[in-house]
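Summary of structural features
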Amino acid sequence: MTDRCDHDDCHVPRAGGSLGIPQVGAFDPVAFEQAVNAMLAACGVAPDSVHTGRTAERVRELWQKRLLGGYAIEPAAALGEGFADDRDDMVVVRGIAVHGVCPHHLVPFRGVAHVAYIPGGRLHGFGRIARMVDAIGHRFTYQEWMTRDIAEALVTHGQAQGAACIIEAEQLCLLLGEDRRGDERVVTQAFTGCFRSSDQQRNEFLRAVAQSDLR
């Protein structure tokens, strides 16, 4: 019997080392497009009309290349090796656009991530950090998992002394729920390494993130 979750607030623990919901096979473009056409037909809409004739192809491209594109690249490869540097000043990257796909309702959530790390002998390009965030987030996953995975990846793959991540996102499954106002936001945070053990470093990171007047 496999673990199963039928409740909105139940997140079954993952296998160690996995990112998001693991794939058990390769993405199948043909089967995906067939499934989209079958869904349109199940909704009572002709899948071959002038409006829907290429819908299956468009949806497949969106899911394969964007929504689930993270499965095609490892976070370590996205981050790269960086370069050697003995500085240990905090590095903060604010406002990285993020999205993932809720495995309960198969709808996206989107928002921004604020990421920081204390270098442990290597510095990493800001664009590389954003690409690593994409590799982690563009999967079937939960916001809570994504937040923790980003922070841990900077320590595991980036040799950081510690890392921190805060994500503020709109959960479409929540926004579309019954009796919702439609403006809810979910904020998750994770701290690893020295950020977990040092109140000072956590507070410095939180102050940097809160400085909305930065230009």
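Refer to the structure presented above.
These lines cover the structure that appears in this document, whether it is placed above or below. Here the structure is a predicted model, which is why all the values come from computation and not from measurement. (Residues numbered from 1 in each chain as written. Predicted model: local features only at pLDDT ≥ 70, side-chain atom pairs only at ≥ 80, totals over all residues. Heavy atoms only, no water.)

Thoughts on helix α2 (residues 55-67)
The test is simple: A simple rule labels every residue: compare its accessible area, found with a 1.4 Å probe on the protein chains alone, to the largest value its type can have, and call it buried under 20%, exposed over 50%, or partly exposed in between. Secondary structure elements are taken from DSSP: a helix is a run of H or I of four residues or more, a strand is a run of E of two residues or more, and numbering for both begins at the N terminus. The arc in question is the one traced by the directions running from the helix axis out to the C-beta atoms.
Within α2, the full set of buried residues consists of Thr55, Ala56, Arg60, Trp63 and Leu67. Each buried residue of α2 lies within a common arc of 130 degrees when the element is viewed along its axis, so the set occupies one face.

Let's talk about unusual backbone geometry
A positive phi is found at Leu106, a non-glycine position, where the angle reads about 60 degrees. Along the chain, Leu106 turns up in the loop between β2 (91-101) and β3 (108-118). One non-glycine residue, Gln159, lies in the positive phi region at around 60 degrees.

What to know about the pattern of salt bridges
The following threshold applies: Salt bridge criterion: a side-chain nitrogen from Lys or Arg within 4 Å of a carboxyl oxygen from Asp or Glu.
Summed over all chains, the structure comprises 6 salt bridges. Note that Arg87 is salt-bridged to Asp85, the shortest N-O span being 2.6 Å. Judged by its relative accessible area of 14%, Asp85 falls in the buried class. The shortest N-O distance in the salt bridge between Glu170 and Arg185 comes to 3.0 Å. In this pair, Glu170 sits in strand β5 (residues 162-171) while Arg185 sits in the loop between α6 (172-175) and β6 (186-193), placing the two residues 15 residues apart along the sequence. Looking at Glu170, the relative accessible area reads 21%, which means it is partly exposed. When its relative accessible area of 43% is taken as the criterion, Arg185 is described as partly exposed.

Considerations on the sheet that holds β6
For clarity, the cut-off: Strand pairing is assigned whenever DSSP detects at least two bridges linking the two strands. The convention used is that axes are lines fitted to C-alpha atoms, helices contributing only their stretch in contact, and that angles between N-to-C directions extend from 0 to 180 degrees. The contact definition used throughout considers only heavy atoms, calling two residues in contact when any of these lie within 4.5 Å.
The strand order across the open sheet built from 4 strands is β2-β3-β5-β6, with neighbouring strands paired in antiparallel fashion. Lying at the two open borders of the sheet, with one neighbouring strand each, are β2 and β6. Mean inter-strand twist for the sheet, computed between neighbouring axes without regard to direction, equals 20 degrees. For β5 and β6, the ladder comprises 8 bridges, and the chain directions are antiparallel. When the sheet's bridge partners are listed, Glu168 is paired in β6 with Val187. Running over the sheet, helix α4 (residues 126-137) touches β2 and β3 and is turned about 25 degrees from β2.

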